[in-house]
Each structure stands twice: as structure tokens, then as C-alpha cells.
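Listed below, chain by chain, are the residues.
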Amino acid sequence: MPPKDSDLTPMYRQWAQAKRDFPDVLMLFRMGDFYEMFAEDAEIGAREMGLTLTARKYAGDKRIPMCGVPYHALDRYLRLLVEKGFRAAICEQMEDPRAAKGLVKRQVTRVVTPGTLTEDELLPEDDHNFLVAIHSDGKAAGIAAVDVSTGDFLVTEVDCRAGARTPPAVITDHQSGGVHAPALQPDTTRPEALPLDPQADPLLIAVVEEVRRLRPAEVIIRENDPLRGALPDLGGAIVTSLKDDEPVFLSAAEQLCKHFGVDSLRGYGLEGLSAATGAAAQALRYLQATHMAALPRLASISVYSTNQFMVIDATTRRNLELIESLRGGKQATLVELLDKTRTPMGSRLLRSWIVQPLLDRRQIEQRLDAIENLVQDTILLDALSGHLRSIYDLERLTSRITAGTANARDLRALGLSLARLPEVRQELSGKGETAELLAQLHVQMDDLGDVSDLLARAIADEPPVEITKGGLIREGFNAELDELSYAAAHGREWIAALQDQERARTGIKNLKIGFNNVFGYYIEVTRSFQDLVPEDYHRKQTLTNAERYVTPELKEWESKVLGADERAQELEHKLFCEVRATVAEQSERVLATARALAQVDVLCGLAQAAVEYGYSKPEIIEGHELQIVGGRHPVVERATGEEPFVPNDVRLDCDSNQLMIITGPNMAGKSTYLRQVALIALMAQMGSFVPASSARLGLVDRIFTRVGASDDLATGQSTFMVEMTETANILHNATDRSLIILDEIGRGTSTFDGLSIAWAVAEYIIKQIGAKTLFATHYHHLNELAEILPRVKNLRVLVREEGDRVTFLRKIADGGTDRSYGIQVARLAGLPQEVIERAKEVLRTIEQDDLAVAPSAESTKKIAPTVQLQLFEAAPSPTVEKLKKVDVDTLTPVEALLLLKELQEEAEG
Ligand code: ADP
């Protein structure tokens, strides 16, 4: 029960008012050296941050729970809260408590929420931290994404009225002008959400897909937005519902115009996009409400279209282990492998390149040419990398500078970074042939000589974190400050020296220089020496046996010394703020340069990777063909240990090589092969060199993957349901420009169901979609498709047999498999004999029963080896124990099927 206002002391009443103004957030209430929490907040604080809960009297004998964090540790505790999805208001003391008459004035100065962070300690360095606003009118939806810590402000509109689920991808494979690629958020550590039901509202699906791809820290949406109720999990982002009871006097467009200081939104390409405008304004209002006075400058907004990029949905991003591995974490992912960037801006941009491969051939080729340039000119590459290494996070520094929260160390870091720009530009200015993109980036970059020069002159070498205690400004920047500092440092020395000087001049041996608060500095002479006091001494005070004097010179020094420190600190703070404001005015130039630098950084990083790993430049071709010679899996090839990686070729097109059925025993390398083809296509379209001896690729609009079978225990969805939802998603959305990777489809159900589904899916893809497809399967039966459908080909992974041993050769060859490796695989699995005997007995019993499904003699010949392998593949562990006793190689096909069925039923029961 919250205490009643009337019971409260004035201070608690102040707190209660703050709570009312900011309901639903934890109130961190500054009291002296602590931020205190009370009542329910204190209980949450104690639980979530491990603070010690105490109680404090607030009226009479009544006590209120309380806990607090020391002011200097605030960020650390905020981090804990934000990570757990809490929002917190910071209520500051607005006046010095010592100077306050009565109750200290307090005010909430900032509401900290996961999506609105600017505090360095709370932010991931190499990743964006997006706030996403969704704004829909039921027909169209706007999605705005803002990273206040970097100044990125992006907006898009999804419109499903034309009947399209999502706007179709636009492939530009002719040599046309490019589109601007905004830096967007990739996935990193949060759990992936499940695929949506393909029957759901198309607008909702499109919005959810885009929001999940952005992977925001926080999503805001109006309480009565048509999409609010149906919104599923958004990849772990916290969702903040906005109440509609606030009066808004300006339209969304007017709010944006006011913020950007423009008359119309036409210049941003926002005109006519009312949902997008609504989303952008909603994001802006939320940021203004959370940051209050210290909102970093959001100088510009860019509109992007979701059809500018290859679509990589959450499932595919995960299956291809682009940003996060299937086990979780960054290890053994594409981003970890390719990230050789030197700056945080570059690192963040690389992530967006990876999850947003391009669809415009010219743009891709520009990146490829730039990388080729850097690969061939390693001197240039080394020089650029060297300069980039000493450049700090310009985007986040700028954000703090415009917000007025940057300290002198931030300005110093900015200064040091900017000082490298002329060298970077010099390198890019092109001795000899420079790739077009590098030349463009050279132009987009600004030397920022004025800013760099100001910072070099103004900011001290090693300034402290605090900006009110001096030590910020370099000597020589301001004459008045230098004099003050000089006086402070040398004044006391001078006064000390004066004592000796005056003793010598007057012959008064015990003359003393002293100080008191009333008269300041004085010269003291005892009575016995009164006759030696010179003319220029003015008497100030008479004591019992001494007189005190001052001289004009002493008073002049005194005025310099007294408070010189204090005045110097004040002046330094003022000068520092002026410098910071001057730099803030140039923030757009700094940011534009930072973005160009980020691109240079990513290109250098990719060139570095290409050199180090022996990648080659892919050729982007018109049309649908995909031809890779000597392709490798970029991540697996770095991790095979002793065994050298065996490269493989692929050829996919829309004629005779559209759908490949790939068979081969477990562990032979099928999945690796499938993924490497997808990764090479993706890397090529992000503009990177590829792990292959050569590659010719037609542009792909979307990569779909359905890989493996893993139960989503957390959400209680069965393997089969997840698998089928993902498959449905592919069949609904793939086009003849898509690349589909299917690994072991149909395994979540019984053999016969699974086989039929796999068959029907393959047929549908060929007949209805026409997408290039790689289909790895244990159902050798599917090999028969190649005989029926001309565009289907069979491939197999070669293994060598020596006696009863198999060696995986990792080589892909034409043709299907009909060879059984049952006994060898069984041996590999180390199976003893008894269970096999027992299983045979069981089998004989079932054989007496009716067979519901009896495969024809023709097909059973082909099914047998498949099933044998499946026995080991699909079996849950108790079944494996049983299987260990079956002599698999001696089973007839029908026996094997029956056994499998029986074992499956037993496992399920
Ligand atoms: P499958 O999908 O057929 O079960 P995987 O693709 O998972 O087999 O491969 C199993 C292991 O074999 C991989 O983890 C990898 O270490 C190794 N491997 C796969 N392909 C190759 C290759 N081309 N060269 C060398 N080793 C490979």
C-alpha cells in the first residue's frame, strides 16, 4: 500500500508528486550522495539490483521501505535495471542543498528506458541500440527506428493494400544508379522469435518481420493501435504502450518539421507517407519525453524501403549463423569471422551489411571493386587500417556532444580522431587508379580542420572526467585563464618569497607574512621592531605586542591568488561548454564523415579478410544462374582442425539444375555444403569477396532456410509444427529469384508422412515457384523425382569404403545414393549385439499384423538404406539402446520400416 500524501513529510510529498508525474517507472530520487528508492520501487530495487532494503520513518512511527545506490555507481545499477527491461526516472536535486532555503528543489531530468540509452556504460560498443516506433492505421504501417547514441533515425512504411504480403524485393541487375543503404540493426544476442502463422494479417506479418530484423531494444506503440493487440514476441524487445490521453497540438508532420527546422518533409522523402511520418513523430515525442533537456541532436531522418535489400528473415539469419550461432553467442559466426574493422562505427555497419545484402548490381560491384582495389594495394590497405585504428566512436561522441553530456575526455577523443582525417583522405585521394566507391567516400569525408584545430588548441592532453574541477583547457587557449592559473600556481610562491625579501629590505628579522579571513594576507611586525617599519606599509590591525600591515603590492597579489583556483575552474567550465557548443554546431559534418569512415573501415576489413582467408572476387551476372567453383564454408573451413576442408562446386539455374536432391550418410557434409552455397550468395551480395576459387552469381532476392530439427522447448512448439510453419513460410513467399535451402524436411513426423511431405514440397517448388533449391535428405526415395522432373538433379556426398570402414571424402558428386552404410554406421556408433536380437524378435511379432502401408517392391529397394540410416538418425536415446542390438544390414526393407515405426511409437508412448 503506498502511503497517503497527508501522512507524508514535505520531502516525501515531493517524491510522491514525482511518482505521480512519472507513473510506471522506478523513481531514483537524489538525496545527498545517494539515489534512493522508496515503497514498491525499493522492493523492486532490492530484488533486482541486490540492494539492502531498509525502512525509514516518514510520519510518526510509520515506516516506508527504502534502498539506495551511491551516486557514482548509478550507471552500473541502471545497467542492471535496463537489462531486465525496467524503466527508471532520475530525479535530481536542482540546487545545492547547502544553499537551499527549506526543501531542496528536485526535478526528474531523465527517464532511462532500454531503447533510449546514450550512456556509454549501458551500450554495446559494436551494436546499435534501437528504439522502434510502430504506427499503423490498419492499412499501412510506419516503422521508425532511432539510435540516439549514434544519431541514426530511419523510417519505412509497409503497405499491404496491393495484396502483396511485403513489398516485393526489387532486383536491379542492370547497371543503374544505386540506392542509399541506411545502417540498420542486425541480430545479436536475444532469442529468436518463432515464425508467424502465414495465415495471420499480412500487415502484421510484414511489420513483425521488419521489426525483428531491426532487433530493437524497445518498441513503442499506441495503446489503441490496430496492431497492438496481435503483436507477438518481437525478438525479446520490451514493448512500451503509449497512452493516448496526452493532448497533441501539432500534427505528426508539423512536429517533425519543427524538430528539423524545415517547412516541409519533402526533402526527406517523407511526404505522403503518413504512417511513416506518424511513427517518426511518435519516436521523437518519446525521446523528448525521456531525455528532456539533454536530447542529442537528431539532425536528419532517412526513409528506406524494405525492398531495397535481400530479405533474410530471423530463421535464416539464425540457421546461417550470421550474427549469432545456433548455440548462442558470437563465436563461429559469419560476423565474428569477417569483422576486421578498426572502429566501432565500422563494426556496427558491417553487421547491417551482413543482414542486408544488396539487390542492386551496380552498388554491389562498387563495393567489390573497392575491395579489389584494397586487396591489390596492400600498402594502401595497411595505411588506412593504421589510421582507422586510432579513431574513436565518432557517432557516439557526437551524440553526447550535441546532448551536452560530453566531458573533456570525449572532446579530446574526438580531437585525436579528427586529427587523423587528413591522412585518411590523403590515402583515399588516389595515387593511380582508385575504385569509384573509395573516391566517392573521399569526397563525402570532410577534413574538419576547423573543429580539429579548435579541439587541439582548447582541450588539455589528459583532462579529468569531471568538468567542474579544472584541468580541461590547454594553456595558451585563453589569456585570462592562463593568468588565473598562473596566479593560482605562483601566487603563493611569490608571497612566501616576499617574507625573505622584506626581511632583507627592512632588517626586521622576525617579520612574518600571515593570512586570516578578515584581512587576507598581512605582514606582521612585533612591537620591538616598530621603528624599522618602512613608509609603504599600511597599518591594518593592532595586536597586544605586534602590528599588522599590508602593502599595495601584497594586496594586488592577494587578489590574484585568492579564489584564483575557483575562478579558474569556473572559467574553464565556461570555456569548455563554449567549445562543446561550437563543436555541436558542426555535428552534421562530423556524422557525415563518420559514416563515410565507417564504410571505408568495413571495406578495409573485408579486404583484410579476403587476403587472409584467400577469397576471390565474385562476378555478379544478369539472370538467374548461380555457379560456384571450389566453394568453401567460410566458418567451417577455419575450424576443421587436422582435416583439410574439401572445396565443392555447385551449379544452379532455372533450366536443368533447379532443384538438387543431396543424399549421403549422416556427418558426410551435406549441411555444410548447403550452407556454404547460401553464405557465398549472401556474401557476394553484401559486396564481399567469397570463399571460392570462382563464383558467377545472378542476384537472389531472398534466401530461405529450413534446417535441422530442434524442439523449441521454451515456447512449447513441437519440432514438427515449427518445421511446417517454416516450410509454409517458404512456400508462400519464395519467388523464382529466391534461393531455398532445405535440410531434412519432414523428419519431425513418421517416415511415411515425412517422405510424402518432402516429396510434395519439392514438387511444389519446381512446379509453382521455380526457385533455386538445395534439398538434403535421408529419403533416397526422393531421388526418383529426378527421373520424373527435368529440372531436378541428384547429388551425393562421396564416401570411401575399405572393408567395413567408411571414410568421408566430403566431395559432392552427381547421382543419387542407393548404397547402404548401415552396418558401417552401426559400427561407428559402437553397437553391441543383444538388443539387435531382441529387436528382431519384436519385429517378427509385428510382422504378423496387418501392414497399413506396404511400399511396393520397387521402391522398398531404395528405401531400405535410407531407413537403416534413419534408425540411428531419428532415434531417441532409449531407442538407440535397442537398436544397438539389431543387425541392420540383414533387415529387409519392410522389416526395417516396421522396426522404425514400432520404435518410434514406443518412444512416443
Ligand atoms: P551432414 O549434414 O551430412 O550430417 P555436416 O555438414 O554437418 O554433415 O558435416 C559434418 C562435419 O564434417 C562438419 O562439422 C565438418 O567438420 C565436416 N565437414 C563437412 N564438410 C566438409 C568439407 N567439405 N571438408 C572438410 N570437412 C567437412
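Structural notes, computed from the coordinates. (Residues numbered from 1 in each chain as written. Predicted model: local features only at pLDDT ≥ 70, side-chain atom pairs only at ≥ 80, totals over all residues. Heavy atoms only, no water.)

### Regarding the pattern of salt bridges
Stage number 1. In this structure the tally under the stated criterion is 47 salt bridges.
Stage number 2. A salt bridge links Arg-702 to Glu-209, with the shortest nitrogen-to-oxygen separation between them at 3.8 Å. Of the two residues, Arg-702 sits in the loop between β21 (694-698) and β22 (703-706) while Glu-209 sits in helix α4 (residues 202-214), which places them 493 residues apart along the sequence.
Stage number 3. For Glu-209, a relative accessible area of 23% gives the class partly exposed.
Stage number 4. The partner of Arg-420 in a salt bridge is Glu-423, and the shortest N-O contact between them spans 3.0 Å. (Salt bridge = Lys/Arg side-chain N within 4 Å of Asp/Glu carboxyl O. Helix = DSSP H or I, 4+ residues; strand = E, 2+ residues; numbered from the N terminus. Buried < 20%, exposed > 50% of the residue type's maximum accessible area, 1.4 Å probe, protein only.)

### Notes on the side chain of Arg-106
Stage number 1. Here Arg-106 lies in strand β6 (residues 106-112).
Stage number 2. The buried charged residue Arg-106 lacks any salt bridge, with Glu-92 as its nearest oppositely charged partner at 8.1 Å.
Stage number 3. Among the polar contacts listed, one links the side chain of Arg-106 to the side chain of Gln-14, at a separation of 2.9 Å.
Stage number 4. Only 3.5 Å separates the side chain of Arg-106 from the side chain of Gln-93, close enough to count as a polar contact.
Stage number 5. Aside from chain neighbours lying at most four places away, what touches Arg-106 is Met-11, Gln-14, Phe-29, Arg-30, Met-31, Cys-91, Glu-92, Gln-93 and Met-94. (Lys, Arg positive; Asp, Glu negative; His and termini not counted. Polar contact = N/O pair within 3.5 Å; in protein donor to acceptor, adjacent residues only side chain to side chain. Contact = heavy atoms within 4.5 Å.)

### Here's the deal with the sheet that holds β21
Pairing between sheet strands relies on hydrogen bonds along the backbone, with the strands arranged either parallel or antiparallel.
Stage number 1. In spatial order, the strands read β17-β21-β18-β19; together these four strands make up an open sheet with mixed pairing. Two strands close off the open sheet at either side, each with one partner strand: β17 (619-621) and β19 (648-652). On average, each strand axis in the sheet is inclined to that of its neighbour by 15°, with strand direction left out of account.
Stage number 2. Relative to β21, β17 runs parallel, the two being bridged by three bridges. Counted as the bridge partner of Glu-619 is Arg-696 from β21. (Pairing = 2+ DSSP bridges. Axes fitted to C-alpha atoms, helices over the stretch in contact; angles between N-to-C directions.)

### A word on helix α14 (residues 421-428)
Stage number 1. If you check which residues of α14 are buried, you get Leu-421, Val-424, Arg-425, Glu-427 and Leu-428. End-on view of α14: buried residues confined to an arc of 155°, all on one side of the axis.
Stage number 2. Directly beyond the C-terminal end of α14, a positive phi value near 90° is found at Gly-430. (Arc of directions from axis to C-beta.)

### Digging into the site of the ligand
Stage number 1. Not every one of the 15 residues close to the ligand is listed here, only the nearest: Val-646, Met-667, Lys-670, Ser-671 and Thr-672.
Stage number 2. Here Met-667 contributes a backbone N or O atom positioned 2.8 Å from an oxygen atom of the ligand.
Stage number 3. One nitrogen or oxygen atom from the main chain of Gly-669 is found 3.0 Å from an oxygen atom belonging to the ligand.
Stage number 4. In the complex, the protein chains occlude 81% of the 560 Å² of accessible area that the ligand would expose alone. (Near = heavy atom within 4 Å. Areas by Shrake-Rupley, 256 points an atom, 1.4 Å probe, with all protein chains shown as cover.)

### Looking at the environment of Ile-661
Stage number 1. As for its placement among the helices and strands, Ile-661 is situated in strand β20 (residues 659-663).
Stage number 2. Separated by 135 residues in the primary sequence, Ile-661 and Arg-796 place their C-alpha atoms 8.0 Å from one another.
Stage number 3. Apart from the residues within four sequence positions on either side, Ile-661 is in contact with Phe-775, Thr-777, Leu-782, Asn-783, Leu-785, Val-792, Lys-793, Asn-794 and Leu-795.

### Observations concerning helix α18 (residues 552-561)
Stage number 1. Three or more residues of α18 are buried, namely Leu-554, Trp-557, Glu-558 and Val-561. With its buried residues spanning 105° around the axis, α18 presents them on a single face.
Stage number 2. Looking at the buried positions of α18, the neighbouring elements they touch are α17 (479-506), β14 (520-526), β16 (546-550) and α19 (564-585).
Stage number 3. At the exit of α18 stands Gly-563, carrying a positive phi of roughly 70°.

### Quick word on the sheet that holds strand β15 (residues 538-542)
Stage number 1. The four strands are arranged β13-β14-β16-β15 in an open sheet whose pairing can be described as antiparallel. The open sheet has two edge strands, β13 (512-516) and β15, and neither has a second partner. Along the sheet, successive strands turn relative to each other by an average axial angle of 40°, direction set aside.
Stage number 2. Sheet analysis places β14 next to β16, joined by four bridges and oriented antiparallel. Pairing of Glu-524 across the sheet is with Arg-548, part of β16.
Stage number 3. Running at roughly 135° to β13, α17 makes contact with β13 and β14 of the sheet.
Stage number 4. Seen against the sheet, α18 touches β14, β15 and β16 and runs at an angle of roughly 145° to β14.

### Brief notes about the packing of aromatic side chains
Stage number 1. In total, this model carries nine aromatic pairs according to the counting rule given.
Stage number 2. Ring geometry for Phe-260 against Tyr-268: centres 5.0 Å apart, planes inclined by 45°, an arrangement best described as tilted.
Stage number 3. Judged by centre distance (5.5 Å) and plane angle (50°), the rings of Tyr-613 and Tyr-615 are tilted. Just as Tyr-613 is buried, Tyr-615 falls in that class too.
Stage number 4. Here the aromatic cluster, defined as three or more aromatic residues joined through ring pairs, consists of Tyr-12, Trp-15, Phe-29 and Phe-38.
Stage number 5. It is Arg-367 that lies over the ring of Trp-353; its NZ or CZ is 3.5 Å from the centre. (Phe/Tyr/Trp six-rings, centres within 6.5 Å; stacked < 30°, edge-to-face > 60°. Lys NZ or Arg CZ within 6 Å of the ring centre and 35° of its normal.)

### Notes on the packing of helix α11 (residues 378-389) against α14
Stage number 1. Following both chains from N to C, one finds α11 and α14 inclined at 160°, their axes separated by 10 Å at the closest point. Overall, the two elements α11 and α14 adopt an arrangement that is roughly antiparallel. Both α11 and α14 take part in a crossing whose hand is left-handed. Residues Leu-380, Ala-383, Leu-384 and His-387 of α11 lie in contact with α14, whose contacting residues are Glu-423, Val-424, Glu-427 and Leu-428.
Stage number 2. The residue makeup of the contact of α11 with α14, split by class, is five nonpolar, one polar and two charged. (Parallel < 35°, antiparallel > 145°, perpendicular 65-115°, else oblique. Left-handed = near helix turned anticlockwise from the far one by under 90°. Nonpolar A, V, L, I, M, F, W, Y, C, P; charged D, E, K, R; others polar.)

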